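Take a look at the letters that make up each chain.
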There are 2 protein chains.
Amino acid sequence: MASDMTLYWGSGSGPCWRTMICLEEKGLSGYTSKLVSFDNREHKSDEVFNINPRGQVPTFKHGNVVVNESLAICLYLENTFKNQGTKLLPDDPAQQALVLQRAVETQPMREKAVLGPLHYFLDTKTKPEDRTEELLEEKKKACHGELQIWEGYLAKLGDGSYIAGKDFTLADVCLWPFLGTLVRVGFDMSRYPHLANYYDLVKGRPSVQATWPPHWKGTPGKDTLKGF
Amino acid sequence: MASDMTLYWGSGSGPCWRTMICLEEKGLSGYTSKLVSFDNREHKSDEVFNINPRGQVPTFKHGNVVVNESLAICLYLENTFKNQGTKLLPDDPAQQALVLQRAVETQPMREKAVLGPLHYFLDTKTKPEDRTEELLEEKKKACHGELQIWEGYLAKLGDGSYIAGKDFTLADVCLWPFLGTLVRVGFDMSRYPHLANYYDLVKGRPSVQATWPPHWKGTPGKDTLKGF
């Protein structure tokens, strides 16, 4: 139990989802859950700004310790609760190196495969007049180039593997929300068979199911990236 | 000594510089240093691609362990050589949380304060016809908003502090190259007195001096961000 923990989070945010999966995996349920509404800009409230000058979620507090960046929160939880719940960072230096690298590599994954494509269709990020065929091709190339890299990692590891080997680790915690988001917005993952298998494998995990974005439940996904 | 280590790196790359500072701080000099030329696209050579599918530097090898993302390399080196050289990650959970958070926060620092402004002036990133007063103001706002956050962190810590407290840590390793780059391209840091003091403090550090980008030595800086 984690009664001395508070998490500010938004439904559907990849970085928030990471944090929540990590908390579940470490057996840290029971924290004070503060769901903020992005539509009402509650992440820009004084309550959040008081402990996070960026006015972002996740914002996380454990006793007097404040940690606000999702990767930092996950590393902090793993280091602080090393012997509790799922071991997310292996002791073996070579395995640990791989997990850390894949976890950090989810940053280009997020930018190129998720935010790049989604921002192309968002007026506040790409002006309608800038939405050219040329730019679309550029975004597609970056997205598929990135997914090809991850598909290659999984192809080498073999069926049934997690993203850094046979065990579920911090790298999966960091990667999953972005795959979940892609599928939610209509991206056809079947073009990447290893990623599609991986998606199914991780989707069924109790920590993932327990933290599924509430506003996704019982509502149809979007088709923003259908055919992308 | 680190005779079983190889680092592929490029002069002036912030992520490469981080890795090199970290190696120095951990007492791991003597590694095989492979300086690649960005102009000749040597980071896209088979030699790099063979161990890094992204064709990027830093690319790092320790025995049979390959790690390629700068933050992952630094965490790997700190975890593997915990009791050697500078202690870059404190044991105390609260202090460690702060160091991890600041280290990860150097990602928005890089994007908003360094790459955003520099890409505005780069034809391959911003077409000359898109270079409007409105976009310039947007980039300036993002850059200064970001620097104000870091200035605030230092203001709270007091003069002579490193970025996460009284000791030099992983957070400084991750932050420094971006400040170094800003000053190199003409950014006037004196508008941020705490950051300017911090710049002077870290600049003199032996690990930073030993790894100063070779092509910066004896050549004048640029004035790309003069008056930005």
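Keep in mind that this is a model prediction, so the values were computed, not measured.

### As for the relation of the copies chain A and chain B
In step 1: Superposition record for chain A on chain B: RMSD 0.0 Å, screw rotation 180°, translation along axis 0.0 Å. Look at the turn and shift together and you get a two-fold axis relating the two.
In step 2: Mapped onto chain B, 100% of the interface residues of chain A are again interface residues, and the two copies thus contact each other with one and the same surface.

### So, the interface of chain A and chain B
In step 1: Each partner contributes to the interface: chain A provides 30 residues, whereas chain B provides 30 residues.
In step 2: Buried surface at the junction of chain A and chain B, both sides included, amounts to about 2,500 Å², of which 61% is carbon and sulfur.
In step 3: Applying the counting rule to chain A against chain B returns 4 salt bridges.
In step 4: Here B:Glu146 and A:Arg54 are joined by a salt bridge, their closest N and O atoms 2.7 Å apart.
In step 5: The tally of links from chain A across to chain B stands at 8 residue pairs in polar contact (both at pLDDT 80 or more).
In step 6: The set of elements that each furnish at least two residues to the side of chain A that touches chain B consists of β4 (65-67), α3 (70-80), α4 (93-120) and α5 (133-157) of chain A.
In step 7: For the side of chain A that touches chain B, the element with the most residues is α4(A), which contributes 11 residues.
In step 8: Classifying every residue of the side of chain A that touches chain B gives 17 nonpolar, 6 polar and 7 charged.

### Overview of the domain arrangement of chain A
All names here are of chain A.
In step 1: Parsing chain A into structural domains produces domain 1 (5-80) and domain 2 (93-216).
In step 2: For domain 1 versus domain 2, the distance between C-alpha centres works out to 21 Å.
In step 3: Each partner contributes residues to the interface: domain 1 has 15 residues there, and domain 2 has 23 residues.
In step 4: Buried area between domain 1 and domain 2, both sides added, is near 1,600 Å², and the carbon and sulfur share of it is 74%.
In step 5: Sorting the residues of domain 1 by area buried against domain 2 places Trp17, Arg18 and Ile21 first, and these three jointly supply 41% of that buried surface.
In step 6: In this structure, the connection of domain 1 to domain 2 is made through 1 salt bridge.
In step 7: Between glutamate 25 and arginine 205 there is a salt bridge, with its nearest N and O atoms 2.7 Å apart.
In step 8: Taken together, the links from domain 1 to domain 2 amount to 6 residue pairs in polar contact (both at pLDDT 80 or more).
In step 9: With 9 residues, the single largest contributor to the side of domain 1 that touches domain 2 is helix α1 (residues 14-25).
In step 10: A per-class count over the side of domain 1 that touches domain 2 returns 9 nonpolar, 3 polar and 3 charged.

Here is what the cut-offs are and how they apply
Residues numbered from 1 in each chain as written. Chains lettered and ligands numbered in written order. Predicted model: local features only at pLDDT ≥ 70, side-chain atom pairs only at ≥ 80, totals over all residues. Heavy atoms only, no water. Least-squares fit on C-alpha atoms with pLDDT ≥ 70 in both. Contact = heavy atoms within 4.5 Å. Buried area = accessible area lost by both parts, 1.4 Å probe. Salt bridge = Lys/Arg side-chain N within 4 Å of Asp/Glu carboxyl O. Polar contact = N/O pair within 3.5 Å; in protein donor to acceptor, adjacent residues only side chain to side chain. Helix = DSSP H or I, 4+ residues; strand = E, 2+ residues; numbered from the N terminus. Nonpolar A, V, L, I, M, F, W, Y, C, P; charged D, E, K, R; others polar. Domains from an automatic or database assignment.

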